[in-house]
Amino acid sequence: MHLIINWEDFLHHHWQKRPVLLKQSISDFVNPISPEELETLVIKKALECQLIQRNHGKCQLGYQAFNGYGSLGQRNWSLRVEALHHWHRAAEEFLSLFRVFPDWVKEELTVFFSVPGGGIGPQTKPSDVLVIQGMGRSRWRVGDRLSSTAFDCG
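Residues numbered from 1 in each chain as written. Predicted model: local features only at pLDDT ≥ 70, side-chain atom pairs only at ≥ 80, totals over all residues. Heavy atoms only, no water.

Q: Account for the packing of aromatic side chains, naming residues and giving values.
A: Inspection of the entire model under this criterion finds eight aromatic pairs. What links up through ring pairs into an aromatic cluster is the set Phe-66, Tyr-69, Trp-77 and Phe-113. (Phe/Tyr/Trp six-rings, centres within 6.5 Å; stacked < 30°, edge-to-face > 60°.)

Next comes the structure, spelled out in C-alpha cells:
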C-alpha cells in the first residue's frame, strides 16, 4: 500500500490553501482495522470515543459509554475514535504512509465507523484534515458553503 499523490503539486496548490477530493490516491488500499476489531478494541481498552448521531438532518456529537454497535440501530450514526494508532499496530503502520509531513502535522489517526445515514459531520475548522474513506460508500461535498470550507455529513 502506498500513496499515489504528486506531493509537490498537492503541497503547492492545496495544502493549507483549499480543500480537494483525491479519489483512489492509495494503491492497494487495505483498511487498517475492521469494524469488528474497532468495536472490540474500544470496549476492551475503554478507549475514548464519540457518537455522532444524525437527527432530522443535523449531526449531533455525544459522549457516552460505548457498549457495542448492537444498541445503536442500523442507521444514522457514526463512531469516532481518536488516536487509534496508539492502540492498534496496523493503524500505526497506516499513518506511516504520510511521512512526507513533519511529525507535528500528523497529530493522530482518527477513525470513524459509520452506518447508512451516518457521517463525520461538517469539518469547518480552519485546520488541515486528511479524510480517507476505506470501505463503503459516501457522498462527499468539499468546498465553500456559506463562506466557510466544509466537508458535509454524509
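Q: So, helix 2 (residues 35–45): which residues are in play, and what are the values?
A: Of the positions making up helix 2, those classed as buried are Pro-35, Leu-38, Leu-41 and Val-42. With its buried residues spanning 130 degrees around the axis, helix 2 presents them on a single face. Turned more than 90 degrees from where helix 2 packs its buried face, Glu-36 and Lys-44 sit exposed. For helix 2, the elements touching its buried residues are strand 3 (49–55), strand 5 (77–81) and strand 6 (111–114). Two residues or fewer after helix 2 comes Ala-46, characterised by a positive phi angle close to 50 degrees. (Buried < 20%, exposed > 50% of the residue type's maximum accessible area, 1.4 Å probe, protein only. Helix = DSSP H or I, 4+ residues; strand = E, 2+ residues; numbered from the N terminus. Arc of directions from axis to C-beta. Contact = heavy atoms within 4.5 Å.)

Q: Can you lay out unusual backbone geometry for me, pointing to particular residues and giving the numbers?
A: At Gln-16, a residue that is not glycine, the phi angle is positive and equals roughly 60 degrees. You can see Gln-16 is positioned in the loop between helix 1 (7–13) and strand 2 (26–27). On the basis of relative accessibility, which here comes to 57%, the residue Gln-16 falls in the exposed class. If you check the backbone angles, Ala-83 has positive phi at about 55 degrees while not being a glycine. For Ala-83, a relative accessible area of 15% translates into the label buried.

Q: Provide a residue-level description of the pairing of strand 6, including the pertinent values.
A: Residues of strand 6 alternate between two faces, with Val-111 and Phe-113 buried on one and Phe-112 and Ser-114 left unburied on the opposite face. Across four bridges, the pairing between strand 5 and strand 6 is antiparallel. Counted as the bridge partner of Arg-80 is Phe-112 from strand 6. (Pairing = 2+ DSSP bridges.)

Q: Residues and numbers for the nonpolar core, please.
A: With 28 residues, the main nonpolar core has Leu-38, Val-42, Trp-77, Leu-79, Val-81 and Leu-84 as its most contacted residues. Mapped onto this core, the elements with two or more residues apiece are helix 1, helix 2, strand 3, strand 5, helix 3 (89–95) and strand 6. Ignoring any residue separated from it by four or fewer positions in sequence, one finds Leu-38 in contact with Ile-33, Tyr-69, Leu-79, Val-81, Leu-84, Val-111 and Phe-113. (Core = buried A, V, L, I, M, F, W, Y, C linked by side-chain atoms within 4.5 Å.)

Q: For the side chain of Ser-78, give the residues involved together with the corresponding values.
A: Relative to the assigned elements, Ser-78 resides in strand 5. Among the polar contacts made by the side chain of Ser-78, one reaches the side chain of Ser-114 at a distance of 2.4 Å. Other than its neighbours up to four places away in sequence, Ser-78 contacts Gln-50, Leu-51, Ile-52, Phe-113, Ser-114, Gly-118 and Gly-119. (Polar contact = N/O pair within 3.5 Å; in protein donor to acceptor, adjacent residues only side chain to side chain.)

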